[in-house]
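The residues making up each chain are set out below.
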Amino acid sequence: DVKVTQSSRYLVKRTGEKVFLECVQDMDHENMFWYRQDPGLGLRLIYFSYDVKMKEKGDIPEGYSVSREKKERFSLILESASTNQTSMYLCASSWDGANYGYTFGSGTRLTVV
Amino acid sequence: GNSVTQMEGPVTLSEEAFLTINCTYTATGYPSLFWYVQYPGEGLQLLLKATKADDKGSNKGFEATYRKETTSFHLEKGSVQVSDSAVYFCALSQHTGANSKLTFGKGITLSVRP
């Protein structure tokens, strides 16, 4: 089975810190995604990438950036963390999302204090 | 744009009750439809899918039928178990080849009492 691994399950960071969330997949998927999950709002797409060094903005990219230097790794960067970025962050990857859907990681719960 | 609307929650049922979770969508063309499940403390898992009209997806006793005439993909299970307690998300993806994105509904929490 394809596996998507997020480096941390829980993180606590201070306001203003630069935060890196790491995601690695082991099945050579072209496509990778970052979502945040908030109660009552469901999943909202932050950024996605269809190939190495490619990135595209999702629905809520403000305050975030991403890096994809290698095919298997997709990093989400909070340039200057703020309390409204406290959330659950989910990484996903896919080969053909329209026919097979995505595979998700277990999530990183980030708290910004 | 694309959108997915799920019924309001949470839903609480007794074990062995019948489950229906409503999902309707707005999209152009013929999207693929999915149900994902998120157990406590975990990421999302694909539960079932349907890629064209009138297809029925099924898994673990859950079923959903792709109804284009009503733009719906309702999730059903004949007899729920305590272990089905989770958050359920309906989602769609346009047929745009490999480079496709999923649009999710807001999710609904299901609690099953013994």
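Predicted, not measured: the structure shown is a model, and the values here were computed from it. (Residues numbered from 1 in each chain as written. Chains lettered and ligands numbered in written order. Predicted model: local features only at pLDDT ≥ 70, side-chain atom pairs only at ≥ 80, totals over all residues. Heavy atoms only, no water.)

Visitor: Mind showing me how you'd approach the sheet that holds strand 8 (residues 62-65) of chain B here?
Guide: Hydrogen bonds between backbone groups are what pair the strands of a sheet, and the pairing can be parallel or antiparallel. Residues and elements named next belong to chain B. Taken together, 4 strands build an open sheet; the order of strands is 3-9-8-7 and the sheet is antiparallel. The sheet is open, and its two borders are formed by strand 3 (19-21) and strand 7 (56-59), each paired with just one other strand. With strand direction ignored, the average angle separating the axes of adjacent strands in the sheet is 15°. Across 3 bridges, strand 3 lies against strand 9 (residues 75-77) in antiparallel orientation. Bridge pairing in strand 9 links Leu-19 to Lys-77. (Pairing = 2+ DSSP bridges. Helix = DSSP H or I, 4+ residues; strand = E, 2+ residues; numbered from the N terminus. Axes fitted to C-alpha atoms, helices over the stretch in contact; angles between N-to-C directions.)

Visitor: Even after reading the chapter, I still don't get the pattern of salt bridges, so can you show me in this structure?
Guide: Side chains that carry opposite charge are capable of pairing whenever their charged atoms lie near each other. The final tally for this structure, using the stated rule, is 10 salt bridges over all chains. The salt bridge involving Asp28(A) is made with Lys71(A); its shortest N-O contact spans 3.1 Å. Separated by 43 residues along the polypeptide, Asp28(A) in the loop between strand 4 (23-25) and strand 5 (31-38) and Lys71(A) in the loop between strand 8 (64-70) and strand 9 (73-78) bring together distant segments of the chain. Two residues, Lys77(B) and Asp84(B), come together in a salt bridge whose shortest N-O distance is 2.8 Å. Look at Lys77(B) and you get buried, because its relative accessible area is 9%. (Salt bridge = Lys/Arg side-chain N within 4 Å of Asp/Glu carboxyl O. Buried < 20%, exposed > 50% of the residue type's maximum accessible area, 1.4 Å probe, protein only.)

Visitor: Whenever I open this one, the interface of chain A and chain B confuses me. Can you help?
Guide: A common way to report how large an interface is uses the accessible area buried once the components associate. Across the contact, 24 residues belong to chain A and 24 residues belong to chain B. Inspection of the region where chain A meets chain B yields 0 salt bridges. The interface formed by chain A and chain B includes 5 residue pairs in polar contact (both at pLDDT 80 or more). A class-by-class count of the residues in the side of chain A that touches chain B yields 13 nonpolar, 9 polar and 2 charged. (Contact = heavy atoms within 4.5 Å. Polar contact = N/O pair within 3.5 Å; in protein donor to acceptor, adjacent residues only side chain to side chain. Nonpolar A, V, L, I, M, F, W, Y, C, P; charged D, E, K, R; others polar.)

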